[in-house]
Amino acid sequence: MTLNDRLRTVFVDALEVPEGTDVENLNYRGIEQWDSLGHMTLVAAIEDEFDVQLETEQVIDMSSFKVALDMLRGLGVDE
Amino acid sequence: MNLIAPTARLIDAATGGVLGGDDLAAQVERHATAYAGLPPGVVFARSGTSVAAVLRYVGALRADRPVAPLDPSLDPAVLADFVRRFEPAVVVGLAEGGAGATPGERPKQYRHVDDPALGSVWVRERPSTDQPHPDLAVLLATSGSTGDPKFVRLSRGAVESNAAAIGRALAIGPAEIAPTSLPLYYSFGMSVLNSHLAAGATVLVVDGGVLAREFWQAVQTHGATSLAGVPYNYEMLHRIRWSPAKYPSLRTLTQAGGKLRDEMILAYHEKIAAVGGRFHVMWGCTEAAPRMSTLPADALPDRVGSVGPALDGGSFAVLGEDGVETDRPGVVGELVYRGPNVMMGYAESSADLTRGDEQGGTLRTGDLGHLDEDGFVWLRGRLKRFGKIFGIRVNLHDIEEMAREQGPVVAVSGPDKVVVFVEQLTDDAARALAGRFSERLKLHRSGFDIRAIERLPQLPNGKIDYRSLEALV
């Protein structure tokens, strides 16, 4: 699976949104499920899946799928 | 009632706009005048975190009109039920709220008006026959964890005296800048707003909460001096390894809205003390407008676990098992608070809004605890939060305390057992925990059902949703 696909799966599972949801265009607090609780779940799921530890600033900055993707690339996660 | 001292200001983080002095006073008057032109009765104010919502709230107070700040994400059916039961003169803030928040269908007997000051509102065609008591100022919905939704009736005197007492306890002066980290319809969020405006300080109106980039950007840009949070906020910030050192203007951290773990209190105390700031643990409830006590920052670390002495103007007593009240140190019982900030009573219908004070300044808190030699309060959980295991009564709060170091934990009562939910618990840790409970309480381990949970469910105000956990049992 590509990084993009893996991240999409993590978003769908962590935010508990339907399979076909267009997560790539979601924003923090843009949907009910992505509230602060959803955000913490998402952060934990990303850390698990990609074996990374996010810094405070990264958690706060991670306001969209795209930001998360760029961040993981920046951390050197394989495509 | 004018809540706003002359030097008070509102900063809108979204625009950078600052509203203060004569401009703020003029805006408040403009809103008050708009209310004066409406049929008599209470105001329902759907309140997101916006300057417009703040102005609609303080404008209603200025117009001496009782106001009920409401969660804009309240289910439309619940809002409709509230409107039916309480017959407000007007529902303001129809456009408030974020994703998915809608007020629903316009209720019968109401017409839609676009008011130049108040915005999009529903106005009642014929005033309710139940007109609110003249002392009534604020109505707050009680959190859903303890029963059916109803309003707490707060008098003008209660709101004003509490705002002033908080200001004194926390030394809030005109230089303070408080960001809106909590919802305005939540009693703690409302009290941050009230106490700062009354002290002539600045309220930095910023939406998003402590996990949002905009929030911390605003804290930095505008030099916020304090942060208010419930235990969940501090747990969250801890998990993402947040440190106040990065925000040099931030010097006061306050915590209320439930029990924060002692080690967490000490960790925050150390972090903020290291940069010359202070951490205040506080205790309150909606029924007390809401603050009852504040732990002075210099009482840490020695008195960690206490919520401090009564606020200026208030006092505590303990109602012992013998039914006698005492202020003797060490006696455990239900804590009773007395003060000018105690509510007038509850309201379940518009008829209740007409009633005067039914409490006489006395509030049975429903919390167990004791006082020490200096009158500091030490809480021991809810009076009614007991479970039964094989017929033996156990204090659910004590069980939670025993598991506290495992992470966020809630114990609820099941059929002849206690179900303990712990966030992200491993199977091994769950077995060990059951063993520890069994040993400490001298009860068979099958009486403890330990369950791992991804995240404890929450109410919109950030408090634990006990009801939905009980539903899982």
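Structure shown above.
I will try to describe carefully the structure that is included in this document. It should be emphasised that the depicted structure is a prediction, and the values quoted were computed from it without experimental measurement.

### Quick word on the overall build of chain A
Then comes step 1: If you tally the helices and strands in chain A, you get four helices and zero strands.
Then comes step 2: Listing each helix as α and each strand as β along chain A from the N terminus yields α-α-α-α.
Then comes step 3: At 11 Å, chain A has a C-alpha radius of gyration in line with the 12 Å of a compact globule built from 79 residues.
Then comes step 4: With respect to the three principal axes, the spread of C-alpha positions in chain A is 30 × 30 × 20 Å.
Then comes step 5: Relative to its 79 residues, chain A shows a buried fraction of 29%.
Then comes step 6: By sequence separation, contacts in chain A at least 24 residues apart represent 53% of the contacts at least 6 residues apart.

### Some thoughts on the packing of helix H1 (residues 21-36) of chain B against helix H2 (residues 51-62) of chain B
Residue and element names in this part refer to chain B.
Then comes step 1: Two numbers describe how H1 lies on H2: the axes approach to 8 Å, and their chain directions differ by 65°. With respect to H2, the axis of H1 lies roughly perpendicular. Viewed along their axes, H1 and H2 form a crossing whose handedness is right-handed. Of the residues in H2, those in contact with Gln27, Val28, His31, Ala32 and Tyr35 of H1 are Leu55, Arg56, Val58, Gly59, Ala60 and Arg62.
Then comes step 2: A breakdown of the residues in the contact of H1 with H2 according to their chemical character gives six nonpolar, three polar and two charged.

### Considering the sheet that holds strand E11 (residues 202-205) of chain B
Residue and element names in this part refer to chain B.
Then comes step 1: Pairing is mixed across the open sheet formed by four strands, whose spatial order is E2-E1-E11-E10. With one partner strand each, in any of the chains shown, strand E2 (18-20) and strand E10 (177-179) form the two edges of the open sheet. Strand-to-strand twist of the sheet, defined as the mean angle between neighbouring strand axes without regard to direction, takes the value 20°.
Then comes step 2: In the sheet, E10 pairs with E11 via three bridges, with the strands oriented parallel. If you follow Ile177 over to E11, its bridge partner there is Thr202.
Then comes step 3: In this fold helix H5 (residues 187-198) packs onto E10 and E11, with an angle of close to 140° to the strand it touches most, E11.

### Side note on helix H8 (residues 262-274) of chain B
Residues and elements named next belong to chain B.
Then comes step 1: Relative to the 18 Å expected for 13 residues at 1.5 Å per residue, H8 spans 18 Å between its end C-alpha atoms, a close match to the ideal helical length.
Then comes step 2: Those residues of H8 that sit buried are Ile265, Tyr268, His269 and Ile272. With its buried residues spanning 105° around the axis, H8 presents them on a single face. In H8, the exposed positions angled more than 90 degrees off the buried face are occupied by Glu263, Glu270 and Ala274.
Then comes step 3: Against helix H7 (231-239), strand E13 (252-255) and strand E14 (278-284) lie the buried residues of H8.

### Focus on the interface of chain A and chain B
Then comes step 1: The partner chain B presents 17 residues to the 15 residues of chain A that form the contact.
Then comes step 2: Secondary structure elements with two or more residues in the side of chain A that touches chain B: helix H2 (36-50) and helix H3 (56-61) of chain A.
Then comes step 3: Of the residues forming the side of chain A that touches chain B, the biggest block, five residues, is contributed by H2 of chain A.
Then comes step 4: For the side of chain A that touches chain B, the per-class residue count stands at six nonpolar, six polar and three charged.

### Considering the environment of Arg436 of chain B
Then comes step 1: Note that Arg436 of chain B resides in helix H10 (residues 427-441).
Then comes step 2: Judged by the 14 C-beta atoms lying within 10 Å of it, Arg436 of chain B is partly exposed.

### Observations regarding the pairing of strand E23 (residues 386-389) of chain B
All names here are of chain B.
Then comes step 1: Only one face of E23 is covered, namely the face carrying Gly387 and Ile389; the face carrying Phe386 and Lys388 is uncovered.
Then comes step 2: Bridge count for E23 against strand E24 (residues 392-395) is four bridges, and the pairing is antiparallel. In the strand pairing of E24, Lys388 is matched with Arg393.

Rules used in this analysis
- All chains use their own residue numbering, which begins from 1 and follows the written sequence.
- Whichever chain is written first is A, and whichever ligand is written first is 1; the rest continue in order.
- The model is predicted, so local features are restricted to residues of pLDDT at least 70 and side-chain atom pairs to those at 80 or more, both for listing and for counting; the totals for chains, interfaces and linings are taken over all residues.
- A run of H or I in DSSP counts as a helix once it spans at least four residues, and a run of E counts as a strand once it spans at least two, with each numbered from the N terminus.
- Here the globule rule is a power law, 2.2 Å times the number of residues to the power 0.38, and the radius of gyration is based on C-alpha atoms.
- Counting other C-beta atoms within 10 Å of a residue's own tells you its class, since 20 or more makes it buried, 12 or fewer makes it exposed, and anything in between is partly exposed; those C-beta atoms are placed from the backbone.
- Note on contacts: each residue gets a C-beta atom placed from the backbone, and two residues are in contact if those atoms are within 7 Å.
- For every element, the axis is a line fit to its C-alpha atoms; helices are fit only across the contacting stretch, and the angle between N-to-C directions ranges from 0 to 180 degrees.
- Throughout this description, any angle smaller than 35 degrees is read as roughly parallel, any larger than 145 degrees as roughly antiparallel, any in the 65 to 115 degree range as roughly perpendicular, and the remainder as oblique.
- Working rule for handedness: look at the near helix, and if it is turned counterclockwise from the far one by less than a right angle, call the crossing left-handed; if clockwise, right-handed.
- The nonpolar class holds Ala, Val, Leu, Ile, Met, Phe, Trp, Tyr, Cys and Pro. Asp, Glu, Lys and Arg form the charged class, and all remaining residues, Gly among them, are polar.
- We call two strands paired when DSSP finds no fewer than two bridges between them.
- Under the convention used throughout, the expected extent of a helix is 1.5 Å for every residue step, that is, one less than its residue count.
- The directions considered for the arc are those from the helix axis to the C-beta atoms.

The values reported here are purely geometric and, on their own, carry no functional implication.
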